[in-house]
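The residues making up each chain are set out below.
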Amino acid sequence: MTESAPGDRGRKTPEGDEQLADRIAEAVRTHPAVARLDGGVHGTIAAYLPGRQVTGVRASGAGEPVEVGVVLRMTGPLPEIVAALRQRVLAVTGPVPVDITVVDVITAEEADAPGGSEAHGR
């Protein structure tokens, strides 16, 4: 499930905006329905920073579109969860297009199983 406006794909995060991807990741990860961030089927949702990457977040810089990939716990209606995640991202970025891609959904039983949400990792 992907929602929102088209993003600016394939751009690298400038050095001055390195912390943007980390701040977005933290805002999304702390939502109770988020099992983990995910790079998508081909692992392309990521911010590439000097010496590391932030998987599950693509943010080119301040004022630019953002893409986030998540694995969600089934805790409520997906459109409501996605809307709440979008608001968390907008609280960090300001008014920019935000695409939220739900890569997978797990049940409470799957989250509680040995390996937790990582059992569905790619």
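Everything that follows concerns the structure shown earlier in this document.
Residues numbered from 1 in each chain as written. Predicted model: local features only at pLDDT ≥ 70, side-chain atom pairs only at ≥ 80, totals over all residues. Heavy atoms only, no water.

1. Overview of the overall build of the protein
Scanning the protein from N- to C-terminus turns up three helices and seven strands. Element order for the protein, N to C, with α for helix and β for strand: β-α-β-β-β-β-β-α-β-α. Counting every position in the protein, which comprises 122 residues, the buried fraction comes to 43%. Sequence-distant contacts in the protein: of pairs separated by 6 or more residues, those separated by 24 or more amount to 70%. Approximately 6200 Å² of the protein is accessible, and the part contributed by carbon and sulfur atoms is 53%. (Helix = DSSP H or I, 4+ residues; strand = E, 2+ residues; numbered from the N terminus. Buried < 20%, exposed > 50% of the residue type's maximum accessible area, 1.4 Å probe, protein only. Contact = heavy atoms within 4.5 Å. Areas by Shrake-Rupley, 256 points an atom, 1.4 Å probe, with all protein chains shown as cover.)

2. Re the pattern of salt bridges
Evaluated as defined, the whole model comprises four salt bridges. Linking R29 and E26 is a salt bridge whose minimum nitrogen-to-oxygen distance equals 3.9 Å. Here R29 pairs with E26, and both are found in helix α1 (residues 18-29), just three residues apart, close to one helical turn. R29 gets classed as partly exposed once you look at its relative accessible area, which sits at 44%. (Salt bridge = Lys/Arg side-chain N within 4 Å of Asp/Glu carboxyl O.)

3. Here's the deal with the environment of L78
Tracing the sequence through the fold places L78 in helix α2 (residues 78-93). Take L78: its relative accessible area is 19%, and that puts it in the buried class. Here the alpha-carbon distance between L78 and A33, two residues 45 residues apart in the chain, equals 9.6 Å.

4. Quick look at the environment of R52
Tracing the backbone shows R52 in strand β4 (residues 52-55). We classify R52 as partly exposed; its relative accessible area is 39%. Residues within four places of R52 in sequence aside, it is in contact with E18, D22 and A47.

5. Some thoughts on α2
Compared with the 22 Å implied by 1.5 Å per residue over 16 residues, the 22 Å span of α2 between its first and last C-alpha is a close match. Looking at the residues trailing α2, positive phi occurs at G94, about 85 degrees. (Expected span 1.5 Å × (residues − 1).)

6. Observations concerning the pairing of strand β7 (residues 98-106)
Counted residue by residue, β7 has seven buried out of nine residues, so it is predominantly covered. Looking at chain direction, strand β6 (residues 66-73) and β7 are connected through eight bridges and run parallel. For V68, the partnering residue across the bridge sits in β7 and is I100. After leaving β6, the chain enters α2 and then returns to the sheet as β7, a path that is right-handed. (Pairing = 2+ DSSP bridges. Right-handed = clockwise from strand over helix to strand, strands pointing away.)

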